[in-house]
Amino acid sequence: MNTSALIVMLTTILLVTSLMLYFFLKVITTPPKPEPDSYTENDDEPDRQSPSR
């Protein structure tokens, strides 16, 4: 393997690994979004809302 091929291969491996680590850590450290209690409470149409309101 010549020098230029080795440089391209190592650069590609380092780039892919660093991007993978960046996005993995971003997913791990992102706080979860609060989820709604139910789907009917998020509905804008009054006919579909629960009658307890």
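Because the structure is a prediction, the values reported are computed rather than measured.

Caption draft 1: Representation of the overall build of the protein in the model. A tally of regular secondary structure across the protein gives one helix and zero strands. In the protein, buried positions account for 0% of the 53 residues. Entry remark: accessible area of the protein is about 5400 Å², with carbon and sulfur atoms responsible for 66%.

Caption draft 2: Layout of the environment of Thr11. Turning to its location among the elements, Thr11 is positioned in helix 1 (residues 3-29). Side-chain polar atoms of Thr11 contact the backbone oxygen of Ile7, separated by 2.7 Å.

Caption draft 3: Quick peek at a nonpolar patch on the surface. On the surface, Met1, Leu6, Met9, Leu10 and Ile13 cluster together to form a nonpolar patch covering roughly 500 Å² of accessible area. Residue Ile13 is classed as partly exposed on the basis of its relative accessible area, which comes to 45%.

Caption draft 4: Representation of the packing of aromatic side chains within the structure. Tallying each qualifying case throughout the model produces one aromatic pair. Measuring from centroid to centroid gives 5.0 Å for Tyr22 and Phe23, while their planes differ by 70°, and the two rings are edge-to-face. On the basis of relative accessibility, which here comes to 47%, the residue Phe23 falls in the partly exposed class.

Cut-offs used in this document
- Residues numbered from 1 in each chain as written.
- Predicted model: local features only at pLDDT ≥ 70, side-chain atom pairs only at ≥ 80, totals over all residues.
- Heavy atoms only, no water.
- Helix = DSSP H or I, 4+ residues; strand = E, 2+ residues; numbered from the N terminus.
- Buried < 20%, exposed > 50% of the residue type's maximum accessible area, 1.4 Å probe, protein only.
- Areas by Shrake-Rupley, 256 points an atom, 1.4 Å probe, with all protein chains shown as cover.
- Polar contact = N/O pair within 3.5 Å; in protein donor to acceptor, adjacent residues only side chain to side chain.
- Patch = residues over 30% accessible without salt bridge, like charges linked within 9 Å, V, L, I, M, F, W, Y side chains within 5 Å.
- Salt bridge = Lys/Arg side-chain N within 4 Å of Asp/Glu carboxyl O.
- Phe/Tyr/Trp six-rings, centres within 6.5 Å; stacked < 30°, edge-to-face > 60°.

It is worth stressing that arrangement in space is one thing and function is another; only the former is reported here.
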